[in-house]
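Summary of structural features
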Protein chains: 2
Amino acid sequence: MRLSRYFLPTLKEAPSDAQIVSHQLMLRAGMIKQEAAGIYAWLPLGLRVLRKIEHIVREEQVKAGAVELLMPTLQLADLWRESGRYDAYGPEMLRITDRHERELLYGPTNEEMITDVFRAYVKSYKAMPLNLFHIQWKFRDERRPRFGVMRGREFLMKDAYSFDVDEASARIAYKRMFAAYLNTFSRLGLKAVPMRADTGPIGGDLSHEFIVLAETGESEVFCDRKLVEMAAPGHDLSIEQLEGVFNERTALYAATEEMHDAAQFEAQTAEGDRLSARGIEVGHIFYFGTKYSVPMKANVQGPDGKEAPVHMGSYGVGVSRLMGAIIEASHDAGGIIWPDSVAPFDVVVINLRAGDEAVSAACEEAVARLEAQGKDVLYDDTDERPGGKFATADLIGVPWQLTIGPKGLADGVVELKRRATGEKLSLSLDAALELLTK
Amino acid sequence: MRLSRYFLPTLKEAPSDAQIVSHQLMLRAGMIKQEAAGIYAWLPLGLRVLRKIEHIVREEQVKAGAVELLMPTLQLADLWRESGRYDAYGPEMLRITDRHERELLYGPTNEEMITDVFRAYVKSYKAMPLNLFHIQWKFRDERRPRFGVMRGREFLMKDAYSFDVDEASARIAYKRMFAAYLNTFSRLGLKAVPMRADTGPIGGDLSHEFIVLAETGESEVFCDRKLVEMAAPGHDLSIEQLEGVFNERTALYAATEEMHDAAQFEAQTAEGDRLSARGIEVGHIFYFGTKYSVPMKANVQGPDGKEAPVHMGSYGVGVSRLMGAIIEASHDAGGIIWPDSVAPFDVVVINLRAGDEAVSAACEEAVARLEAQGKDVLYDDTDERPGGKFATADLIGVPWQLTIGPKGLADGVVELKRRATGEKLSLSLDAALELLTK
């Protein structure tokens, strides 16, 4: 992508109402534009990262056996009356009346609708276990939206819903998502710790939040340091392995502020392992059994021929919120430092003298060869001065910067910089391309 | 994807309120479920096709130089007051009030918001030509939603917006999208004819609808038969070539019912070339100049240093509607016949005796080898009887059916059926796989 034909409106200064660093950097890097309180347009650079995060979240759901569908953003109020949540949900629910005076709402979550989809088609235990997920825009009418995409009103969420014939298999489904979440956040370059959580308005008796540790986190969290360093569990786990992954982690202390018990923390955790830090919630999973299937009459016939309500869980990831969390966890004074897996581009090729034929030819060759290897390349072909180009490249956080100028070219060298470390290499174009595509 | 672990709730009979064949078949094939009037959940099979259509639409926009962003579904009423359309739009606009009594609306289109994005960042002619597009859910509160996804209320639309420094370059931008649309519909397996159209509430003086011909089309259209058979123009066209593509087509008569002039049709078109048929609108493009940039003060500095309002066009494709149009144009008594480019799966592998070890091993080998070649494969591993499996495979319209049973396997053969023609080949598994992946 040539920068001269792209749309990357970077800003020198963040607007003063942007209070946290991820919000400031997303505005400065031309990733988002506010269109109303808590409602953002995703500019091209922001959309690229959003799609990469979404892609990883989706892949890990599919690897865990979940099947993707897509429910609409608007829902009938009557569906929520069946579960009793239409009146219970409060002012965060955006209620809408259409031209025929029918009551709709903008879905803040989808337990009712997925239960409706399930009960319409599934009648027998033979169709289970079943896990259906979608990645769709949601709306929660926050009283005070702030922190950019971290507490927006219109936000992108992945929500999965498991259906099982009994509690024992539903708890396995829960643990399968627990493991999938560890894999997901690890691929996103995040250290996310599962913490036992309150079930809140979703209901149920088993729930974990996944918390990314970041100095600027929204709330205080307490956990055993060992949890932070555990490796992701990987795929295709047997039920025994799933139990192991779950038990190994839940045996260690981890709690958000609201669930914290200082005495228990001390009793359970060696002093050197006691970590208190700030955290950002990026995922939340629930087992709630028959809370929705009973009032909504989602019954299935079991192997014994008897009808019984299906056992359910739900599993949310804040896809758009993750972008803020990643930036909070990974930035420096110069700007964003994207993990390779979600970077908007793999490499930015910086042309130090856009009018120079030899330099431009070398840049275009580099771009073509990188793209031929499947790399996403941003080519800064503008006539901006070098200092401005370097500042932009640092700000938008592309993992590699390949700089080509007339002086180096005369000596047969280009410069390759790793954004995360600042390390610079002076080497031949061939060597640089080999390093970038190996 | 194993069918036993998938979610494909096919129906024997379509509900009686489904009036047209695409709606009936989408319900029967388990692609959509109605959640409210004109609001649908996209079940896994439907979502697969939706994503494939979206992917082709996106690729053709990018090839034509458009840059993708993503605007939110909800918009501020005040933005629409700037253009005067908030009051003018009528009851199809879904108006919403949030908890702080701020007026919002669910975007039916995005001229105002994209103009707002543009004016926030672009001040000079140097940033142009610029074409920004997004693919986002829209809502139009149709008085009488019907025909499934063909006239839904919540629907997926691609809308692009061009920005140019003057009318001459804006008209080139228009012709570039005109050509991109011809390429898009051709890749989707459709014969779409551009027809001069009324500009309606979008405004402007130049507009074309792209109409797919289908017996069940919503309206009558009239055109020169030669338009139907013209090949897609291809990519990387010069301005002269773009003009040629545009002029060659617009020289021939083509009009929707509301623009039709019988006398002109007869004068302009040889009798044997006069085609009157039924059609479905799948795209609509507009040049409207400064209609929005003047009231919204989207001004840019020209090469002469003077400020002037930017010239704009907008370009819509009904992504979800296209699915209905494709089915209307391509089905038979057995079900849907997907063009290869948008088929939910490339091949369905049908296991005729799911309990048989040798048959299952052969099926699994076939699936693995096809997937290794990048094919999307549905594996019918259920214990349904063969007749039911064949009926389902025909209904869901996957282009190739590879059937493996114990009898054929003993003779060293499998059966390969092409859905579109019904042609069947009996051949070795190796030969079948070679044919499918060549």
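Keep in mind the model is a prediction, meaning the values are calculated, not measured. (Residues numbered from 1 in each chain as written. Chains lettered and ligands numbered in written order. Predicted model: local features only at pLDDT ≥ 70, side-chain atom pairs only at ≥ 80, totals over all residues. Heavy atoms only, no water.)

1. Focus on the interface of chain A and chain B
A common way to state how big an interface is: give the accessible area lost once the parts meet. Tallying the contact residues gives 56 residues for chain A and 56 residues for chain B. Between chain A and chain B, the buried area comes to about 4,700 Å², and carbon and sulfur atoms account for 65% of it. Ranking the residues of chain A by area buried against chain B places Leu70, Arg99 and Tyr121 of chain A at the top, with a combined share of 16%. Where chain A meets chain B, there are 4 salt bridges. Taking the shortest distance from any N to any O, the salt bridge between Asp116 of chain A and Lys33 of chain B comes out at 2.7 Å. Taken together, chain A and chain B are joined by 16 residue pairs in polar contact (both at pLDDT 80 or more). The residue makeup of the side of chain A that touches chain B, split by class, is 36 nonpolar, 4 polar and 16 charged. (Contact = heavy atoms within 4.5 Å. Buried area = accessible area lost by both parts, 1.4 Å probe. Salt bridge = Lys/Arg side-chain N within 4 Å of Asp/Glu carboxyl O. Polar contact = N/O pair within 3.5 Å; in protein donor to acceptor, adjacent residues only side chain to side chain. Nonpolar A, V, L, I, M, F, W, Y, C, P; charged D, E, K, R; others polar.)

2. Quick notes on the packing of aromatic side chains
Summed over all chains, the structure comprises 33 aromatic pairs over all chains. Here the aromatic rings of Phe7 of chain A and Tyr121 of chain B are separated by 6.1 Å at their centres, their planes lie at 75°, and the arrangement is edge-to-face. In this pair, Phe7 of chain A sits in the segment before α1 (21-28) while Tyr121 of chain B sits in helix α5 (residues 111-121), so the two residues belong to two different chains. Phe7 of chain A sits in the buried class, given a relative accessible area of 5%. (Phe/Tyr/Trp six-rings, centres within 6.5 Å; stacked < 30°, edge-to-face > 60°. Helix = DSSP H or I, 4+ residues; strand = E, 2+ residues; numbered from the N terminus. Buried < 20%, exposed > 50% of the residue type's maximum accessible area, 1.4 Å probe, protein only.)

3. Description of the sheet that holds strand β22 (residues 414-418) of chain B
Residue and element names in this part refer to chain B. Read across the sheet, 5 strands follow the order β20-β19-β21-β22-β23 without closing on themselves; strand pairing throughout is mixed. Both edges of this open sheet fall to β20 (377-380) and β23 (424-427), since each of them pairs with a single strand only. Here the average twist between neighbouring strands, direction ignored, is 20°. Examined bridge by bridge, strand β21 (residues 400-404) and β22 share 4 bridges and lie antiparallel to one another. Following the sheet pairing, Leu402 is matched in β22 by Leu416. Across the sheet, helix α14 (residues 429-437) touches β19 (347-351), β21, β22 and β23, and the angle it forms with β21 is around 165°. (Pairing = 2+ DSSP bridges. Axes fitted to C-alpha atoms, helices over the stretch in contact; angles between N-to-C directions.)

4. Comments concerning the sheet that holds strand β22 (residues 414-418) of chain A
Note: strands within a sheet are paired through backbone hydrogen bonds, in either parallel or antiparallel orientation. All names here are of chain A. Taken in spatial order, the 5 strands make up an open sheet running β20-β19-β21-β22-β23, and their pairing is mixed. Edge positions in the sheet fall to β20 (377-380) and β23 (424-427), since each of these pairs with one other strand and no more. Averaged over all pairs of adjacent strands, the angle between strand axes in this sheet comes to 20°, irrespective of strand direction. Bridge count between strand β19 (residues 347-351) and β20: 4 bridges; the pairing is parallel. Residue pairing in the sheet places Val349 in a bridge with Tyr379 of β20. Sheet strands touched by helix α11 (residues 357-372): β19, β20 and β21 (400-404). Its angle to β19, the strand with the most contacts, is close to 170°.

5. Remarks on the relation of the copies chain A and chain B
Mapping chain A onto chain B is achieved by rotating through 180° and translating by 0.0 Å along the same axis, at an RMSD of 0.0 Å. Taken together, the rotation and translation describe the operation of a two-fold axis. For chain A, the residue whose C-alpha comes nearest the rotation axis is Ile96 of chain A, separated from it by 2.9 Å. Most of the interface of chain A is mirrored in chain B, where 100% of its interface residues again form contacts. (Least-squares fit on C-alpha atoms with pLDDT ≥ 70 in both.)

6. Here we look at α11 of chain A
Residues and elements named next belong to chain A. Over its 16 residues, α11 extends 22 Å from the first C-alpha to the last, a length consistent with the 22 Å expected when each residue adds 1.5 Å. For α11, the full list of buried residues reads Val359, Ser360, Ala362, Cys363, Ala366, Val367 and Leu370. The buried residues of α11 occupy an angular sector of 160° when the element is viewed end-on, so they sit on one face. Summarising the geometry of α11, the exposed residues directed more than 90 degrees from the buried face are Glu357 and Ala372. Of the surrounding secondary structure, the elements contacted by the buried residues of α11 are β19, β20, β21, α13 (406-410) and α14 (429-437). In this structure Asp356 caps α11, since a side-chain oxygen of it lies 2.9 Å from the backbone nitrogen of Ala358. (Expected span 1.5 Å × (residues − 1). Arc of directions from axis to C-beta.)

7. A short note on the pairing of strand β13 (residues 274-289) of chain B
Residues and elements named next belong to chain B. Both strand β10 (residues 206-213) and β13 contribute to a ladder of 8 bridges, which runs antiparallel. By the bridge assignment, Val212 is partnered in β13 with Ile280. Across 6 bridges, the pairing between strand β11 (residues 219-224) and β13 is antiparallel. Bridge pairing in β13 links Cys223 to Leu275.

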